[in-house]
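Chain by chain, the residues run as shown.
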Amino acid sequence: MLGNCIKNVRKIAPLVHNITNYVTANDVANILLACGGSPIMSDEPEDVEEITSVCGGLHINIGTLNRRSIEGMFRAGRRANELGHVLLLDPVGAGASALRTDTAVRLMDELRFDVVRGNISEIKTLALGSGTTKGVDADVADAVTEERLDEGVAFVREFAEKAGCIAAVTGAVDLVSDGMSCYVIRNGRAEMGKITGTGCQLSGMMTAFLAANPENKLAAAAAAVCAMGLAGELAWMRMQEGDGNCAYRSRIIDAVCNMDEDALERGAN
Amino acid sequence: MLGNCIKNVRKIAPLVHNITNYVTANDVANILLACGGSPIMSDEPEDVEEITSVCGGLHINIGTLNRRSIEGMFRAGRRANELGHVLLLDPVGAGASALRTDTAVRLMDELRFDVVRGNISEIKTLALGSGTTKGVDADVADAVTEERLDEGVAFVREFAEKAGCIAAVTGAVDLVSDGMSCYVIRNGRAEMGKITGTGCQLSGMMTAFLAANPENKLAAAAAAVCAMGLAGELAWMRMQEGDGNCAYRSRIIDAVCNMDEDALERGAN
Amino acid sequence: MLGNCIKNVRKIAPLVHNITNYVTANDVANILLACGGSPIMSDEPEDVEEITSVCGGLHINIGTLNRRSIEGMFRAGRRANELGHVLLLDPVGAGASALRTDTAVRLMDELRFDVVRGNISEIKTLALGSGTTKGVDADVADAVTEERLDEGVAFVREFAEKAGCIAAVTGAVDLVSDGMSCYVIRNGRAEMGKITGTGCQLSGMMTAFLAANPENKLAAAAAAVCAMGLAGELAWMRMQEGDGNCAYRSRIIDAVCNMDEDALERGAN
């Protein structure tokens with residue numbers, strides 16, 4: 001079932017439009033190619049509507065946002081909604097500045113997202129729905145842990161229900177819910193946090209998974225989370241003496257590139 | 001002869017000004033260093049004229065273009081023309097949006113390019129010379145293949161003649177023509193398509209090759225295409241169990257870094 | 001002593017705000033994670049003040065500057081000064097265009113930097129304090145070499161004294177001075193020059209070192225220079241047949257990731 005999701009990505013090869021930050025854009029593009037999708041980046045308001053029209057999904061990531069790219073996000077998002085394309089939000093740094101929080105909240109208000117994917121702090125900020133700035137560590141709940149799993153599941157499920165979309169909250173334990181069901185995923189490794197942009201990469205890949213599995217969006221979102229986590233586990237087994245976070249980054253994308261449906265099915269946890 | 005072209009790049013170490021997209025800028029910079037050139041990036045209109053003045057060539061790439069960078073492209077391009085510097089256009093996504101098509105067409109109209117390098121779809125869009133949007137797959141001819149080689153050669157030669165510059169169309173078979181002669185190049189591997197930005201990298205490197213070989217621009221453009229393809233072949237031989245597209249990307253740039261004139265001369269196909 | 005500096009980075013894990021170029025932003029983020037810090041990028045004027053408020057240091061790098069990001073540099077810098085945060089300037093390409101030179105000079109005039117880190121050409125441009133454009137090679141003094149070491153030390157010390165901050169001039173020999181003392185550092189390898197952005201990476205890492213060692217800023221700046229150079233040496237020992245500048249780039253960041261305080265203390269030269 002989860003394995004089938006990556007099989008469909010490779011069969012359909014969805015083109016994914018990314019309005020994303022310049023820090024991790026290259027890695028997002030390469031992981032999209034690795035999983036079987038195809039990336040295109042464009043953030044200029046005059047360009048985005050046509051670009052998103054030829055794609056199967058749109059990934060909006062607010063890291064390194066600016067006034068111009070924010071306009072691009074809204075214009076592309078509205079067009080994607082009109083065309084019924086998959087639409088994903090990665091609210092990078094929501095809670096760290098008013099501009100980021102407000103932009104994420106406004107995007108949620110004005111557009112219909114299929115998925116919101118972020119860490120627990122970002123999603124809690126969106127749940128409060130306010131534009132007040134809290135900084136990256138202030139007023140955010142503790143990470144989702146095994147000890148507080150029930151609480152985390154209840155929060156994510158409620159957020160998804162209210163927001164009317166899938167919520168994917170990634171951390172030590174990953175939770176993916178559509179407001180009713182909730183996948184609890186235990187793939188990945190803590191060392192992935194030492195690489196910049198694994199979250200952005202997951203968001204790009206998840207958009208491709210949903211675009212290729214429109215009938216099973218919840219399973220597709222969960223499969224993407226499992227694929228990323230499993231890649232982190234497989235890549236870690238290939239680490240050699242002297243390797244560090246930069247080699248790990250490369251090996252994770254390579255693990256996605258070499259992952260087949262059986263490996264994903266077996267490895268998903 | 002082709003081998004001599006890379007030798008000259010290493011001897012002269014041309015500084016190349018790149019107005020390029022933020023997705024692959026890092027790889028473009030590193031492959032320029034690998035081949036013996038030196039990169040500088042700048043897209044701010046107020047900055048580009050002076051920056052391009054101290055360079056030997058200008059590489060304009062319209063991926064992730066925006067209103068500001070478009071103005072930078074024109075200002076830098078005019079200055080490069082005034083100074084007689086090598087000027088290359090990579091019309092990324094021409095055909096996928098009116099802004100991209102129009103920008104590429106206007107650049108071709110207002111500036112004097114030494115080379116236009118793109119895939120067959122992009123070059124066909126430019127050949128039509130219109131600003132109508134066709135999407136990335138619509139209305140584009142089939143790839144250049146062995147079976148339809150004569151047709152492809154005729155098209156590229158005619159495009160180059162009309163445009164008054166070298167046309168480098170890369171794909172399964174690569175064609176490089178100045179309107180009279182036409183190199184037919186059979187280096188490279190299909191797996192290079194799973195890496196983001198190999199085309200952008202080639203465009204950056206090709207600008208260095210022309211800047212270092214001003215008396216033999218056609219041969220220099222062909223040599224750059226051969227060098228990129230050969231690097232793809234050599235890098236593939238170094239791939240290890242578990243490697244994927246990210247390792248391949250790194251190994252290709254490394255292969256350029258280690259390529260000497262004899263290897264290029266022998267390996268060019 | 002120098003080893004203690006990296007130990008503190010790992011203990012305190014300073015969040016570093018980078019307003020930097022899109023060419024090397026990913027590498028800057030990954031080396032910050034490798035050394036024990038944490039990166040955040042933001043250049044939008046409306047966003048930067050709040051972002052920098054939650055950080056421990058601000059790294060301003062003028063490569064690929066534009067009108068918008070320049071305003072972001074000033075607004076973030078003023079806030080960082082108000083909060084007493086560590087502030088570092090990397091004047092990439094000062095001397096190559098009036099916009100870059102003027103921006104660097106104005107930043108020095110209006111903000112209080114803890115460190116200015118650049119190559120000898122950039123620092124000489126700032127020492128002249130003028131906005132005239134000289135191109136990247138014109139009017140710049142020779143590199144700091146063993147033969148002309150006394151002259152180099154005198155220049156860097158005088159620049160630091162006049163500027164009222166630490167000056168870190170990197171090249172074949174690296175000099176780090178606060179106007180009184182001057183560290184003369186002989187780590188690193190010439191091959192590091194074939195990788196794009198090792199200077200940017202050092203600037204990001206140095207900001208983390210200072211933020212984590214506020215009582216010993218000069219030693220912290222010197223320790224960062226040693227750590228980068230030592231990483232270049234250790235990474236070179238791990239180079240394999242066929243590796244080139246792209247593998248070297250990755251191995252250097254990995255070497256920082258694996259560097260402990262003893263290795264830095266022993267390896268610093």
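Residues numbered from 1 in each chain as written. Chains lettered and ligands numbered in written order. Predicted model: local features only at pLDDT ≥ 70, side-chain atom pairs only at ≥ 80, totals over all residues.

Some details on the overall build of chain A
Selection rule: Secondary structure elements are defined from DSSP: runs of H or I of at least 4 residues count as helices, runs of E of at least 2 residues count as strands, and each element is numbered from the N terminus. Radius of gyration here uses only the C-alpha atoms, and the compact-globule reference equals 2.2 Å multiplied by the residue count raised to the power 0.38. Residue burial here comes from a neighbour count, namely the number of other C-beta atoms, placed from the backbone, that lie within 10 Å of the residue's own C-beta, with 20 or more meaning buried, 12 or fewer meaning exposed, and in between meaning partly exposed. Whether two residues are in contact depends on their C-beta atoms, placed from the backbone: they are in contact if these lie within 7 Å.
Within chain A, the secondary structure is distributed over 11 helices and 8 strands. Over its C-alpha trace chain A gives a radius of gyration of 17 Å, about what one expects of a compact globule, namely 18 Å for 269 residues. Oriented by its inertia axes, the alpha-carbon framework of chain A measures out at about 45 × 40 × 40 Å. By the burial criterion, 63% of the 269 residues in chain A qualify as buried. Put simply, 74% of the contacts in chain A that link residues at least 6 apart link residues at least 24 apart.

Regarding the sheet that holds strand S1 (residues 15-19) of chain A
Residues and elements named next belong to chain A. Filter applied, for reference: In this analysis, strands are considered paired if DSSP registers two or more bridges between them. Axis definition: a line fitted to C-alpha atoms, limited for helices to the stretch in contact. Angles are taken between N-to-C directions and run from 0 to 180 degrees.
Across the sheet, which stays open at both edges, the 8 strands sit in the order S2-S1-S3-S4-S5-S6-S7-S8 with mixed pairing between neighbours. Among the strands making up the open sheet, the edge pair consists of strand S2 (38-41) and strand S8 (182-185). Mean inter-strand twist for the sheet, computed between neighbouring axes without regard to direction, equals 15°. As paired elements, strand S3 (residues 57-61) and strand S4 (residues 86-90) share 5 bridges and run parallel to each other. Within S4, the residue paired with Gly57 across the bridge is Val86.

A closer look at the sheet that holds strand S6 (residues 166-169) of chain C
Residues and elements named next belong to chain C. Pairing in this open sheet of 8 strands is mixed, and the strands run S2-S1-S3-S4-S5-S6-S7-S8 from one edge to the other. Of all the strands in the sheet, just strand S2 (38-41) and strand S8 (182-185) have a single pairing partner and so form its edges. Strand-to-strand twist of the sheet, defined as the mean angle between neighbouring strand axes without regard to direction, takes the value 15°. Relative to S2, strand S1 (residues 15-19) runs parallel, the two sharing 4 bridges. Bridge pairing in S2 links Asn18 to Met41. This element, helix H6 (residues 120-128), spans strand S5 (115-118) and S6 of the sheet and lies at about 130° to S5.

Here we look at the nonpolar core
In plain terms, the rule: Buried Ala, Val, Leu, Ile, Met, Phe, Trp, Tyr and Cys residues whose C-beta atoms connect them within 7 Å together make up a nonpolar core.
Membership of the largest hydrophobic core comes to 285 residues, with the highest contact counts inside it found for Ala221(A), Ala227(A), Ala221(B), Ala227(B), Ala221(C) and Ala227(C). Excluding its chain neighbours within four sequence positions, the residues that come into contact with Ala221(C) are Val115(C), Ile166(C), Ala168(C), Val176(C), Met206(C), Phe209(C) and Leu210(C).

Points about the packing of helix H10 (residues 245-258) of chain A against helix H10 (residues 245-258) of chain B
Going by this rule: Any angle from 65 to 115 degrees is called roughly perpendicular, while one under 35 is roughly parallel, one over 145 is roughly antiparallel, and all others are oblique.
At a minimum axis separation of 6 Å, H10(A) and H10(B) run at an interaxial angle of 125°. Classified by the angle their axes make, H10(A) and H10(B) are oblique. Within the contact between the two elements, H10(A) uses Ser250(A), Ile253(A), Asp254(A) and Cys257(A) and H10(B) uses Asn245(B), Cys246(B), Ala247(B) and Ser250(B).

Quick look at the interface of chain C and chain A
Of the residues lining the interface, 24 residues belong to chain C; the matching set on chain A comes to 29 residues. Put simply, the parts of the chain that give the side of chain C that touches chain A at least two residues each are helix H2 (25-35), S2, helix H3 (45-53) and helix H10 (245-258) of chain C. By residue number, the principal contributor to the side of chain C that touches chain A is H2(C), which donates 6 residues.

Regarding the interface of chain B and chain C
How we decide: As a working rule, the residues Ala, Val, Leu, Ile, Met, Phe, Trp, Tyr, Cys and Pro are called nonpolar, Asp, Glu, Lys and Arg charged, and the rest polar, with Gly in that last group.
Facing 24 residues of chain B, the contacting portion of chain C comprises 29 residues. Of all the elements in the fold, those that place two or more residues in the side of chain B that touches chain C are helix H2 (25-35), strand S2 (38-41), helix H3 (45-53) and H10 of chain B. The element contributing the most residues to the side of chain B that touches chain C is H2(B), with 6 residues. When its residues are assigned to classes, the side of chain B that touches chain C shows 11 nonpolar, 5 polar and 8 charged.

A short note on the relation of the copies chain C and chain A
Here is the rule we go by: In this comparison the copies share one frame, found by least squares on the C-alpha atoms of residues holding pLDDT of at least 70 in both.
Once chain C is rotated about the relating axis by 120° and shifted along it by 0.0 Å, it coincides with chain A to within an RMSD of 0.0 Å. The transformation just described matches what one would write down for a three-fold rotation axis. Relative to the rotation axis, the C-alpha of Tyr22(C) is the closest in chain C, positioned 3.4 Å from it.

Thoughts on the pairing of S8(A)
Residues and elements named next belong to chain A. Burial along S8 is one-sided: the residues Tyr183 and Ile185 are buried and none of Cys182 and Val184 is. Both strand S7 (residues 174-177) and S8 contribute to a ladder of 4 bridges, which runs antiparallel. Paired with Asp174 across the strands is Ile185, a residue of S8. Connecting S7 to the next strand, S8, in antiparallel fashion are 4 residues, including Gly179 with a positive phi near 105°.

Quick look at the environment of Leu33(A)
Inspection of the secondary structure assignment puts Leu33(A) in helix H2 (residues 25-35). Classification of Leu33(A) as buried rests on a count of 24 C-beta atoms within 10 Å. Along the backbone, Leu33(A) and Ile253(A) are 220 residues apart, and their C-alpha atoms lie at a distance of 9.4 Å. Once you skip the residues sitting within four places of it in the chain, Leu33(A) turns out to touch Ser38(A), Pro39(A), Lys194(B), Ile195(B), Thr196(B) and Asn245(B).

Considering the environment of Asp262(A)
On the secondary structure map, Asp262(A) appears in helix H11 (residues 261-267). In this structure the C-alpha to C-alpha distance between Asp262(A) and Val105(A), which are 157 residues apart in sequence, comes to 39 Å.

Looking at the confidence of the model for chain A
Condition: Looking at any residue, its pLDDT shows the predictor's confidence there, from 0 to 100.
Within chain A, residue pLDDT values average 94, and 95% of them lie at 70 or more. What the predictor reports for the complex is a pTM of 0.95 with an ipTM of 0.94.

Observations regarding the pairing of strand S3 (residues 57-61) of chain C
Two faces make up the sheet, and in a regular strand the side chains alternate between them. Residues and elements named next belong to chain C. Quick reminder of the rule: Here, the term right-handed applies to a crossover whose path from the first strand over the helix to the second runs clockwise when the strands point away from the viewer.
When you tally the buried positions in S3, you get 5 out of 5 residues, the bulk of the element. Burial of S3 is two-sided: the residues Gly57, His59 and Asn61 facing one way and the residues Leu58 and Ile60 facing the other way are all buried. Summarising the sheet, S1 and S3 pair through 4 bridges and their orientation is parallel. Residue Asn18 lies in a different strand from S3, and its bridge partner there is His59. What joins S3 to strand S4 (residues 86-90) is helix H4 (residues 67-83), and the crossover it makes is right-handed.

Some words on the environment of Cys35(C)
Residue and element names in this part refer to chain C. Residue position: Cys35 is located in helix H2. Given 29 C-beta atoms within a 10 Å radius, Cys35 is considered buried. Sequence separation between Cys35 and Lys7 is 28 residues; the distance between their C-alpha atoms is 9.3 Å. Apart from residues lying up to four places away in sequence, Cys35 is in contact with Ile6, Val9, Met205, Ala208, Ala227 and Val256.

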